[in-house]
Structures are given as C-alpha cells and as structure tokens.
Amino acid sequence: MVALLMLVGLMPTAQAAGGFDLTLDRLEPQWLDQPSAVTLSMTINASTASTDAVSLSVRQSEKPLAGRSDIASVMSGASKIPSITIKSASTGIPLSEGANVFDLTLSPDELKLTDNGVYLLHVTARAGATKSSFDVLLPYFNTRNIGSFEPLKVLPLWTVAARPSLTVRNQYLNQQWVDAFGDTGSVGAVVKAAAGRSDLTWLIDPDTVWTAERIAGGGEVLGRNLEVITGDQSTAAANWLEALKFATGESNVYALPYANADVNALINNGLVELATAAVTHTQVLTDTLQRPQIARAAIAHRGDFSYNTWKWLNDQGLYMTILSDAKYASTTSAYTTNGVAVFANGRKSLVVDTQATRQFTGALAANTRSPLRRQALISDLLVTMLERPNDPRVMVLRPDTTATNITYNTVADTLDALSVPWISSVTVTDALKDVTTSDRKNARVRIGAAIRKTALKDIKWVQRRRASLEGLIGGTAVDAAIQDAQIRLASATYRGTEVRAMRLATINDLRNVIGSVEIMSSGAVMFPREEAVVPITIRNDLPVEVTVRVIAIGEPSVRVSPADVGLITIQPGKRKSIEIPTTLVGSDLAFLNLRLADKDGQQFGARTRIQLSSSAYAQAASYVIGGAALLLVVMIVVNAVRRVRGRKSSSDTTISANE
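Residues numbered from 1 in each chain as written. Predicted model: local features only at pLDDT ≥ 70, side-chain atom pairs only at ≥ 80, totals over all residues. Heavy atoms only, no water.

**Side note on the sheet that holds strand 29 (residues 575–584)**
Spatial ordering of the open sheet is given by 23-25-29-27, a layout of four strands whose pairing is antiparallel. With one partner strand each, in any of the chains shown, strand 23 (517–519) and strand 27 (560–562) form the two edges of the open sheet. Here the average twist between neighbouring strands, direction ignored, is 30°. (Pairing = 2+ DSSP bridges. Helix = DSSP H or I, 4+ residues; strand = E, 2+ residues; numbered from the N terminus. Axes fitted to C-alpha atoms, helices over the stretch in contact; angles between N-to-C directions.)

**Points about the pattern of salt bridges**
This structure, assessed with the given rule, holds 18 salt bridges. Among the salt bridges present, the one from K433 reaches D430, with a minimum N-O distance of 3.9 Å. With a closest N to O distance of 2.7 Å, E555 and R609 form a salt bridge. Of the two residues, E555 is situated in strand 26 (residues 546–555) and R609 in strand 31 (residues 603–614); the sequence distance between them amounts to 54 residues. (Salt bridge = Lys/Arg side-chain N within 4 Å of Asp/Glu carboxyl O.)

**Brief notes about the side chain of R197**
Structurally, the position occupied by R197 is in the loop between helix 4 (186–193) and strand 11 (201–204). Taking the relative accessible area as the measure of exposure, R197 reaches 18% and is therefore buried. A polar contact of 3.3 Å, which involves the side chain of R197, links it to the side chain of D416. Those residues in contact with R197, other than ones at most four positions away along the chain, are W202, S251, L415, D416 and S419. (Buried < 20%, exposed > 50% of the residue type's maximum accessible area, 1.4 Å probe, protein only. Polar contact = N/O pair within 3.5 Å; in protein donor to acceptor, adjacent residues only side chain to side chain. Contact = heavy atoms within 4.5 Å.)

**Some thoughts on helix 17 (residues 477–489)**
When the terminal C-alpha atoms of helix 17 are compared, their 19 Å separation across 13 residues agrees well with the 18 Å that a helix rising 1.5 Å per residue should span. Counting buried positions along helix 17 yields eleven of 13 residues, so the element is predominantly enclosed. Those residues of helix 17 lying buried are V478, D479, A481, I482, Q483, D484, A485, Q486, I487, R488 and L489. (Expected span 1.5 Å × (residues − 1).)

**A look at the pairing of strand 11**
For a regular strand, side chains alternate in direction, first toward one face of the sheet and then toward the other. The alternating pattern of strand 11 places T201 and L203 on one face and W202 and I204 on the opposite face, and all of these are buried. Two elements, strand 9 (residues 152–160) and strand 11, share four bridges in a ladder whose sense is parallel. Considered in strand 11, the bridge of W158 is made with W202. Pairing analysis gives four bridges linking strand 11 to strand 14 (residues 252–255), with the strands arranged parallel. The residue bridging T201 from the neighbouring strand is N252, located in strand 14.

If you want it as structure tokens, here you go:
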C-alpha cells in the first residue's frame with residue numbers, strides 16, 4: 001500500500017532538468033525480531049513537475065548479507081548483491097515540483113526474511129523516464145532462531161570538543177563558535193541529546209569547557225578582520241555548563257589533552273613542554289563537573305603513536321590511550337578488529353573500529369543520508385556479532401562529534417537506534433578486561449602529524465617569542481594564556497581556514513603583548529649643567545605585574561654617560577616615571593638611545609631616542625666673554641692712566657730746563 005501524505009512545492013534540489021531525488025526519512029521499525037510490516041517514509045524532491053504518476057518498486061536481497069564487506073559496498077554505492085523484486089506500486093498522483101512526501105508499507109508476506117542477519121532493500125521511484133533510488137539495510141534478529149549468544153560489547157566514546165576559538169586575550173574568533181554552545185549548536189546538541197545516558201563514555205576537551213566559562217563570564221567576539229563585536233553572549237554558555245554537569249553525572253568521564261591536541265605531533269617535533277601541559281591541564285574539568293580527579297586519555301589521531309610518543313606516554317600516567325584499526329588489524333576475524341590491543345609491557349589500549357564509526361558519524365549528520373547511516377550502523381553491529389555469536393568481544397566506536405551539522409534530533413535518533421538486543425554497552429574498565437588483542441600493522445611506518453605543517457611552524461614561532469619574553473612574563477597568567485594558544489594551534493579538532501584564523505589571532509596577540517610594555521617618552525632634554533637627569537615614563541598595559549630594566553646607550557658614547565637605574569617594577573595597567581642620571585660633555589647635540597629589557601637583560605620592544613643638549617657651556621662662555629671685556633676695559637683704563645702720567649712727567653721736565 002502506498003499512502004501519499006503530502007504534496008508541497010518547495011525549492012527544488014540541485015537536479016538536472018526534469019530530474020528528482022528520492023530520499024529515506026525514516027524506516028519503521030528499524031529492525032525486526034519476527035516477520036512483520038515495515039513502513040518506509042520517503043521524500044521525492046523534484047526540480048520540475050511531471051504529469052506522470054510516481055511508481056515505486058522494492059527489491060530485496062535473496063539472503064542475508066555475507067559480512068561487513070557487503071555493508072561497506074552497499075554504503076559506498078558499489079553493491080552488486082543479488083536481489084529480487086518484492087513490491088511494485090503506483091501512487092496514482094502526478095509528481096509536483098518541490099517536495100513530495102509519502103509512505104510505502106511492506107507487508108510480512110512481501111518481505112522474504114529467513115535467517116538472522118541483514119537484508120538489503122533497494123527502493124526505486126519512477127516518473128516517466130526519470131528515476132531515483134537508494135539502498136537501505138534492514139536487520140532481522142530472531143532470538144528463537146539463534147539460541148544462546150553473547151551480545152557484542154560496544155564501547156561508545158562520546159567526544160565533547162568544540163573547535164578552538166579562544167584567543168590569548170580571551171576573545172572569541174567568531175559568532176559561530178560562540179553559538180555552538182546553544183541547544184541547536186554542535187556542542188550544545190552533543191551534550192543535550194546524550195544527557196543522562198550512562199551507556200556512553202565521555203571524552204571531554206578542557207579547552208571547550210574553559211571557553212564556555214569565559215563566554216559565560218562575558219567577553220568579546222571578533223569579526224572577520226579581528227574587529228570587536230560586542231554583546232552579551234553569556235546565557236547559552238552558562239546553560240551549557242550546567243547541562244554538561246547534569247549530562248555526565250552518571251557516566252564515566254575522561255579528560256582529553258587540552259584543545260584535543262595532537263600530542264604525537266608535539267613530541268616528535270621536540271615540543272615536549274607543550275605536550276606535557278596539554279595532558280595535565282585538566283583542573284577546569286574537575287572544578288566544573290565537581291568531581292574528584294578525572295582520569296586522562298590521549299587519542300592517536302593517525303591511528304597510532306610513534307616510538308618516542310609511546311615512551312613519553314608511559315611516563316605520564318595516562319589511564320587510557322585510543323588507537324585505530326587502521327594501524328591495528330584483527331588477528332582472529334576476517335573483518336572485525338578486536339577492540340583492545342595489548343603491548344609487550346602489558347599496557348592495554350582501546351582500538352576504534354573504523355567502519356562502524358564511519359556509519360555512526362554519518363548518522364549524526366543532518367542530511368538525507370542520516371537515516372541510511374543509522375540503519376547501516378545497527379546492521380554493522382549485528383553482522384559483527386553474528387560472525388562469532390558465542391564469543392564475547394569488544395567493539396570501540398568514536399564518532400566525530402565536532403561537525404557543525406550535528407543536531408539534537410540526529411544525536412537522539414542515533415543513540416536510540418543503539419538500543420538493540422545484539423549489543424551491550426560497556427565501560428572502559430570492562431573493555432580493558434578483554435583478553436583479545438590486535439597486532440600492529442606496518443610497524444616500521446612513520447606516524448605523521450594529524451595537524452598541518454604550517455601549524456607546527458606557527459607553534460615553533462610562538463615558542464621562540466615566548467622564550468624571548470620569559471624574563472618579562474614567565475610564570476604569569478599572560479604566559480599561560482600564550483601557552484594555551486600554542487596548544488590550540490596543535491588541535492586535531494581544527495578544519496581548514498580555522499587554523500589560519502587562530503594563527504593570525506595568536507600572532508596579533510603576541511605582538512600586542514610585546515607592545516603593551518613600552519617607553520612612552522620622546523623629544524629633547526636640555527641639560528642646565530654637565531650632570532642632570534633624563535625623565536621617562538614606562539607604561540604596562542598587561543594584566544600582570546612586570547619587572548623591567550632600561551638599557552640606555554649614549555650617542556656618541558664618549559660624550560654621553562647614562563647611569564644604570566636598576567630593576568623597575570610596574571603594576572598591571574599602570575605607568576611609572578623614572579629619572580636616568582646622565583652626564584653630557586660638550587655643547588653639540590647628542591642622543592640617549594633607550595630600550596626595555598626583562599630582568600635577565602633580554603631586550604624587547606621598540607627603541608626610543610631622546611635628543612640631548614647642554615646650556616652649561618653657553619653660560620661658561622658668557623662668563624669668559626664678560627671677563628675678557630672687563631679685562632679689556634681695565635687695560636684701556638690702565639693704558640689711559642699711563643698716558644696721562646707720561647704727559648705730566650714730560651711737562652715737568654721742560655719747566656726744569658727753562659729755569
């Protein structure tokens with residue numbers, strides 16, 4: 001029976017002229033434990049209307065799929081599984097432009113279900129010469145037919161890791177990352193939909209929680225050109241923090257490295273300090289979730305860790321390491337990787353199953369293939385269990401929950417789909433009790449970084465700048481913020497241009513740090529005497545106290561001799577005026593070149609040049625000139641007196657002769 005529920009003209013999908021696209025909205029029920037009716041809710045999105053009525057046909061695989069490889073081929077569109085037609089029907093109604101929504105029900109007699117397993121349904125819609133189709137998987141699990149069995153132990157790792165967005169100055173790179181904490185945002189949906197589910201094991205990024213706390217406390221959002229967009233952003237983030245505490249209350253929680261950093265890349269590039277900071281920066285989780293010390297975990301984003309990283313990890317005391325079956329193959333099954341790897345030193349690690357995880361991730365995405373992926377997920381788990389139904393095994397799933405198109409509904413629907421009898425959810429502790437092992441594939445292959453080479457270059461650049469500022473801000477909150485920014489650049493949660501956005505913001509913030517402590521004075525100083533002082537003002541716009549010294553060099557050095565004023569401490573956001581005792585010899589112009597240095601003598605910031613001149617020698621010259629003028633007057637007077645006396649003496653001599 002075909003029931004046409006609704007014909008509504010909407011915007012057409014991207015089709016060829018006259019084409020349409022058939023999609024599955026829901027399959028009810030999602031699996032069968034005995035032959036019964038199945039209803040497919042579907043939509044045809046048509047680019048143009050058609051006078052032809054829509055006809056439907058369904059083909060079913062003749063027998064259950066042989067294994068997991070068949071499921072992979074079905075989901076890749078490369079399936080060539082034999083099938084038979086079990087139903088053909090017509091809606092009797094022409095195709096409308098836009099969305100055409102309808103149901104198709106398959107009766108128990110039409111379905112050809114025999115053995116337990118997964119059946120393929122190939123559904124095709126036609127209107128005239130145009131058609132569209134999809135493949136959907138239907139699990140059939142009749143416990144009466146199978147007898148005793150051991151449910152597959154499934155460990156779903158639920159990752160809470162937003163894309164890093166917090167700058168050195170606690171600003172947020174754009175509105176999208178702030179909105180992610182809302183109920184419809186990617187991080188908001190992940191937490192809200194999984195709330196209270198004790199069957200999930202949570203992996204939480206401390207940087208995500210820290211960012212939410214900064215937003216909840218108020219803050220600034222940066223625009224495309226790093227301009228500030230003001231506004232209250234606190235409500236959604238504050239609600240999210242409360243929701244996270246509630247959602248994880250009955251579940252096991254593990255702390256990821258800060259910003260979900262790729263510790264393997266950091267270790268292999270000589271950035272051990274950052275790797276250590278990343279895996280120990282977990283206190284924010286303990287405080288926010290109000291729990292005792294939270295155990296730490298590390299993900300091998302390329303499937304495995306290098307030898308150097310393994311050696312380092314063994315010294316860190318991490319409780320859990322997470323690998324991938326891309327590097328650790330199954331030793332006992334044709335298709336299924338065991339969920340635990342055991343190493344020579346006795347250490348156990350979880351091994352994520354790639355295929356089932358891919359279906360899990362696809363089911364979380366808000367698109368037309370999400371219902372198909374949900375069916376593929378539970379089908380994949382059934383086929384895996386049926387490989388060895390009496391052999392207890394562990395399968396580890398870690399879906400990518402960082403995608404922006406995850407919604408509350410897709411998360412809730414996918415988690416609800418996992419409530420099937422052929423699996424049982426387990427904790428990490430239970431999983432690590434498993435005795436099965438997986439072997440390393442291609443042991444000599446080098447494990448590369450999961451982050452871009454440009455990001456590693458940026459991290460090393462920031463490291464050099466941090467080192468140059470060690471004597472100024474080392475051990476302060478500003479230095480810690482810069483270190484956090486470095487770790488964010490090593491985040492494996494990043495995508496595309498986001499790395500560049502964080503890189504530019506971090507470099508910009510570092511330059512602001514350097515420019516936040518500077519000498520404000522400039523211009524010229526006149527010395528009234530040979531020894532005087534040069535007054536300067538130093539500002540500190542950082543939120544921490546700084547201790548600096550002033551490096552003063554005379555130009556020319558033979559005439560200008562500044563004294564050392566020692567260490568100067570400036571409080572956060574304050575200015576301080578000091579005087580530099582200086583000796584200036586000569587009357588020609590001279591200069592005092594100034595630059596700040598940290599307490600260890602490492603110079604930073606811009607240079608300042610102050611012009612020096614002296615009035616002391618001009619005054620001395622006036623004294624000399626005045627003295628010379630006075631001496632000249634005296635000499636003139638003396639000379640005049642001598643002349644007068646000489647004339648008088650001559651007159652006296654003449655008179656005596658006449659007598």
